[in-house]
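Secondary and tertiary structure notes
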Amino acid sequence: MVEAMENIASKKAQFLSNFLAKDTDVNSSLAKQEALKALENLEFPTTRDEYWKYTRVGKITSAKYSQIPSFKVSDISNYCIEGLETYRVVFVNGFFSEELSDISTNQGVSILPIAKARKENTDEIEQYFGKLSKHKTQFFSALNTVFNTNGVFVKIAKNSILEKPIHIINITNAESAAFNPRNLFVVEENAEVQIINSYETSSGSSFTNATTEIYVKEGAKVDSYILQNESDTSKQINEIDVLQESNTTYSATTITLNGGLVRNNHNIEVRGQGSETNLFGLYLTSGNQHIDNHTIVDHIEPNCESNEVYIGVMDDKSTAVFNGKVFVRSEAQKTNAYQQNKNMLLTDDASAYSKPELEIYADDVKCSHGSTTGQVDEEAIFYLRTRGVSEANARKMMICAFAHEILDNIKIEVLREMLEIQIDERFVLVESL
Amino acid sequence: MLRIKNLHASVDGNEILKGLNLEVKAGEVHAIMGPNGSGKSTLASVIAGKPDYEVSGDVTLNGKDLLDLAPEERAGEGVFLAFQYPVEIPGVSNVNFLKTAVNDIRAYKGLPPMAAKDFLKMLKEKQALVELDKKLTSRSVNEGFSGGEKKRNEIFQMAMLNPKLAILDETDSGLDIDALRIVANGVNKLKSADNATIIITHYQRLLDYIVPDYVHVLYDGKIIKSGTKELALELEEKGYDWLTKGVESSELKVKS
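Residues numbered from 1 in each chain as written. Chains lettered and ligands numbered in written order. Predicted model: local features only at pLDDT ≥ 70, side-chain atom pairs only at ≥ 80, totals over all residues. Heavy atoms only, no water.

On the chain A side, the residues contacting the 31 residues of chain B number 17 residues. Overall, the association of chain B and chain A removes approximately 1900 Å² of surface from exposure, summing both partners, and the carbon and sulfur fraction of that is 68%. Seen at the junction of chain B and chain A, the total is 3 salt bridges. Glu 72 of chain B is the salt-bridge partner of Arg 385 of chain A, the closest N and O atoms lying 2.5 Å from each other. There are 11 residue pairs in polar contact (both at pLDDT 80 or more) connecting chain B and chain A. Those elements that provide at least two residues to the side of chain B that touches chain A are α1 (40-48), α2 (71-77), β6 (79-82), β7 (89-93), α3 (94-108) and α6 (147-161) of chain B. At 6 residues, α3 of chain B tops the list of elements feeding residues into the side of chain B that touches chain A. In terms of residue class, the side of chain B that touches chain A is built from 20 nonpolar, 7 polar and 4 charged. (Contact = heavy atoms within 4.5 Å. Buried area = accessible area lost by both parts, 1.4 Å probe. Salt bridge = Lys/Arg side-chain N within 4 Å of Asp/Glu carboxyl O. Polar contact = N/O pair within 3.5 Å; in protein donor to acceptor, adjacent residues only side chain to side chain. Helix = DSSP H or I, 4+ residues; strand = E, 2+ residues; numbered from the N terminus. Nonpolar A, V, L, I, M, F, W, Y, C, P; charged D, E, K, R; others polar.)

Here it is as structure tokens:
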């Protein structure tokens, strides 16, 4: 027993030795101190923890990570959204790339690499940093809070409505390297912003452990897109923590097109009346991929509405997990909460674990949730084929129609069109089972 | 045009069609009637190429062997089945579905895709033919359609695809008299000297609107009687008993 514990302890020490705390001035941040302490006590999550029941992190924790190689991206256009003008923040292997970025901003918005902001806006960062993240209880959140090297700090000033989205592009090409990007968004009263966060692998396999905190202040609107398109061997843990004040709208669409192991933890605290939360997700898995979406919407105040729809298509031997939890606290009367998860399995070897959960402590609320998992409707395939539609086209039509329900919610038109094309192309060659 | 010889079909070891013969010539309308469970819908599904059946025998359309072809290839050869229960397909719009269907059939025939302008023109024409609400065309295939709208949508698709052989499987079921008239009207307008129609029905009612050249009675997987439209009237009056009793006793004789 003692030996086993020592073994675990040494495994953790070995894993942590992969990371270098660049910023040795631990005292500068309370959250960092908390996280450092938490790391001493927290173990790797295992499938014995309910929160990690279907996702093993052994692939992450047993890997050796090399020093991050520097690498230059000469052409950024592949990673941009064609026809969309954005503010652009580019990180290449975790390093902020000034020459690829375009953060020359107007009044009302400030976009800074967080490392720089920490030096220049120390007090402001300290006010927000680590106040939402789960670093006291979650191992990977603590890891990020201690070892984060870069990311972005964005502040949208009161009443500012951003005329173009902010696109944060994370590109990696490292053979087994680990990154801890950390983002902080403060969207002040009545401001409006669209954020796109994309994660791409140019080559190799990496472990990205991202944590993002978003403050949506009274009357503000945030429309956020998370695009995950990493390599088959990449691993990603992505925690997003949101605080919504009153009369706010937070909408997030998470699109996972590729990735070896992806775990998204999306936590929304609705601490204000008259707010709206929309969470949409689309995950398309293949090979041996494992994609896990965990969401928590916590309704603390009355008269709020939340909508959640996650849709997945699983091919080959891949696995998808959805766990959506909605809390309606005793004060949160007149809450309207809707939650839906739909999975389509393309093979007998693909699996889906779905667990929509409602925990309601108020009595005057309207909540519903549902989950379906099935295969392509063969009756419909036959129907389409009798009209002359080839089998491949029939399958493609059925799968794309299923996925499009999520894309229809995307408000940035060129982004929606780009994804529609990508998804249509992806399913062109789906043959019969 | 259509020639069926000694057609057998079974599903999960149960033989449903037991040596069926039928010949349909261009320009003709054939009605197939018969009691429940006699194999009428199976015949329709087997001609269209539903994969659930084990099939033997010969089915040719203008000399081409259909049984070797996939459902979409049969559609390419000119087979169309109007379903008894049209399938709802959420998320697939009628227009996109028809565009793909029309162009996949054109590709099968070695033709280039239809120009968007021509397609829209055809769409409008055929929509008018079956008095289909314009809104339904842009909606998802059959999703939330009433029974009558679904059947009308079947005939609309038939009009768009212009088949050589159309099989209407219980197209009259669930239709009120106005919808029946519209559907029948559509079918009659689509009739020509080059195509043929098989109407599968329980009731004489539809045959008042679409007048058949021949009426066949299908029972226990075989056609046991063929005649002209008067046969349908006789069936309406007398039911099937007078025909099926004879079959059973003759089978008994064979067995004994």
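Moving on, we get to the domain arrangement of chain A. Residues and elements named next belong to chain A. For chain A, the domain assignment lists domain 1 (2-271) and domain 2 (377-433). The centre of domain 1, based on its C-alpha atoms, is set 32 Å off from the matching centre of domain 2. Contact with domain 1, which involves 15 residues of that partner, is made by 12 residues of domain 2. Overall, the association of domain 1 and domain 2 removes approximately 1100 Å² of surface from exposure, summing both partners, and the carbon and sulfur fraction of that is 73%. Scanning the region where domain 1 abuts domain 2 turns up 1 salt bridge. Between Lys 411 and Asp 223 there is a salt bridge, with its nearest N and O atoms 3.8 Å apart. Linking domain 1 with domain 2 are 2 residue pairs in polar contact (both at pLDDT 80 or more), by the criterion used here. (Domains from an automatic or database assignment.)

Scanning the model with the defined rule gives 5 cavities of 30 Å³ or more in all. Considered as a void within the structure, the largest cavity measures approximately 90 Å³ in volume. Taken together, Phe 91, Asn 93, Gly 94, Thr 149, Asn 150, Gly 151, Asn 170, Thr 172, Phe 179, Asn 180, Pro 181 and Thr 208 of chain A make up the full set of residues lining the largest cavity. Residues belonging to the lining of the largest cavity are distributed by class as follows: 3 nonpolar, 9 polar and no charged. Roughly 70 Å³ of internal volume is contained in the second largest cavity. Forming the walls of the second largest cavity are Met 158, Asn 162, Pro 163, Ala 166, Val 187, Leu 190, Lys 191, Asn 195, Ala 196 and Thr 197 of chain B. Looking at the lining of the second largest cavity residue by residue, the classes come out as 6 nonpolar, 3 polar and 1 charged. (1 Å grid on protein atoms, 1.4 Å probe; cavity = no way out; pocket = protein on both sides within 12 Å on 5 of 7 lines; lining within 4 Å. Points joined across faces, edges and corners; volume = space filled by probe spheres on them.)

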